[in-house]
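Residue-level listing of the chains:
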Amino acid sequence: MKKNAFTLIELIAVIVILSLIALIVFPAVNSVIKNSKEKSFEQQKNAIIKAAKECSYENTELLPNPVDKEYNQVPLECLTKGCTYKDKIIEGGYLEYDETGDQTTSLVVDPRNTKKYLEGKIKITYEKSKNQYVYEYVEN
């Protein structure tokens, strides 16, 4: 009798070996993807803070009063589409955004979950010890 095909045991052995390889590789690939999304989110936060600095240089009413120990929170919408802040119109365009989205807030895509948009604000405080304004992205 000629043997031209694989036996059932050989096929099962190949399937077991492939599934073991998949069990080892999947968590590693998954952690690499998660880490890259987190790094992308950090880069997105840095871009938002840079855009907020540029916007506040041109629109000083966004900056808190150095005498007060208060802070200002600027919505992302001011950096993207523009907004009215303290009765002054702020032109947008400091930050690119998803114009096809049907949401009315910032429209900046969250890199951790591309089906959602970032809805945080920029917190601007003045630190007397450093004699400078500090910008921080705060998530809702």
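Residues numbered from 1 in each chain as written. Predicted model: local features only at pLDDT ≥ 70, side-chain atom pairs only at ≥ 80, totals over all residues. Heavy atoms only, no water.

**Student:** Looking at this structure, I do not really get a nonpolar patch on the surface. What am I missing?
**Tutor:** A cluster of nonpolar side chains, contributed by Val14, Ile17, Leu18, Ile21, Ile24, Val25, Val29 and Ile33, occupies part of the molecular surface with about 730 Å² of accessible area. Take Val25: it is sitting in helix H1 (residues 8-58). (Patch = residues over 30% accessible without salt bridge, like charges linked within 9 Å, V, L, I, M, F, W, Y side chains within 5 Å. Areas by Shrake-Rupley, 256 points an atom, 1.4 Å probe, with all protein chains shown as cover. Salt bridge = Lys/Arg side-chain N within 4 Å of Asp/Glu carboxyl O. Helix = DSSP H or I, 4+ residues; strand = E, 2+ residues; numbered from the N terminus.)

**Student:** Honestly, H1 in this entry has me stumped. Any pointers?
**Tutor:** Because each turn of an α-helix spans 3.6 residues, side chains separated by three or four positions end up pointing in the same direction. With 51 residues, H1 should cover 75 Å at 1.5 Å per step; its first-to-last C-alpha distance of 73 Å lies within 8% of that length. At Val25, H1 shows its strongest bend, of approximately 25°, with the proline Pro27 following within four residues. Within H1, burial applies to Phe41, Ile48, Ile49, Ala51, Ala52, Cys55 and Ser56. Buried residues in H1 make contact with helix H2 (76-80), strand S3 (88-91), strand S5 (117-118), strand S6 (121-127) and strand S7 (132-138). (Expected span 1.5 Å × (residues − 1). Bend = angle between axes of the 7 residues up to and from the residue. Buried < 20%, exposed > 50% of the residue type's maximum accessible area, 1.4 Å probe, protein only. Contact = heavy atoms within 4.5 Å.)

**Student:** Looking at this model, I keep getting lost on the nonpolar core. Mind explaining?
**Tutor:** Buried together is how nonpolar side chains tend to be arranged in soluble globular proteins. Membership of the largest hydrophobic core comes to 23 residues, with the highest contact counts inside it found for Ile48, Leu79 and Ile122. Counting only elements with at least two residues in this core, the list comes to H1, H2, strand S2 (82-85), S6 and S7. With 6 residues, the single largest contributor to this core is H1. Apart from residues no more than four positions distant in its own chain, Leu79 is found in contact with Ile48, Ala51, Ala52, Cys55, Gly92, Gly93, Tyr94, Leu95 and Ile122. (Core = buried A, V, L, I, M, F, W, Y, C linked by side-chain atoms within 4.5 Å.)

**Student:** Is there a simple way to think about the environment of Glu96 in this case?
**Tutor:** By secondary structure assignment, the location of Glu96 is in the loop between S3 and strand S4 (108-109). Residue Glu96 is classed as exposed on the basis of its relative accessible area, which comes to 76%. In this structure the C-alpha to C-alpha distance between Glu96 and Gly82, which are 14 residues apart in sequence, comes to 12 Å.

**Student:** How do you make sense of the pattern of salt bridges when you look at a structure like this?
**Tutor:** Pairing of side chains with opposite charge becomes possible as their charged atoms draw close. Per the counting criterion, the structure on display carries 6 salt bridges. Its salt-bridge partner being Glu42, residue Lys45 comes within 3.5 Å of it at the nearest N-O pair. Of the two residues, Lys45 and Glu42 both sit in helix H1, 3 residues apart, roughly one turn of that helix. The shortest N-O distance in the salt bridge between Arg112 and Glu139 comes to 2.8 Å.

**Student:** In this structure, what is going on with the state of the cysteines? I would like to understand it.
**Tutor:** What makes a disulfide is a covalent bond joining the sulfur atoms belonging to two cysteines. Taken as a whole and assessed by the stated rule, the structure comprises 1 disulfide. At a sulfur-sulfur separation of 1.7 Å, the disulfide partner of Cys78 is Cys83. Across the S-S bond linking Cys78 and Cys83, the dihedral sits near 85°, which makes this disulfide right-handed. Accessibility classification places Cys78 together with Cys83 in one group, the buried group. Free cysteine Cys55: the closest other cysteine sulfur is in Cys78, separated by 6.7 Å. A residue is classified by how much of its surface remains accessible, and Cys55, at 0% relative accessible area, is buried. (Disulfide = S-S within 2.5 Å.)

**Student:** So what exactly am I meant to see when it comes to the packing of aromatic side chains here?
**Tutor:** Here a ring pair, both rings aromatic, is described through the centre-centre distance and the interplanar angle of the planes. All told, the structure shown has 2 aromatic pairs when counted by the stated rule. With 6.5 Å between their ring centres and 75° between their planes, Phe41 and Tyr137 make a pair best called edge-to-face. Of this pair, Phe41 sits in helix H1 while Tyr137 is found in strand S7, placing the two residues 96 residues apart along the sequence. Pair check on accessibility: Phe41 and Tyr137 agree, each one buried. (Phe/Tyr/Trp six-rings, centres within 6.5 Å; stacked < 30°, edge-to-face > 60°.)

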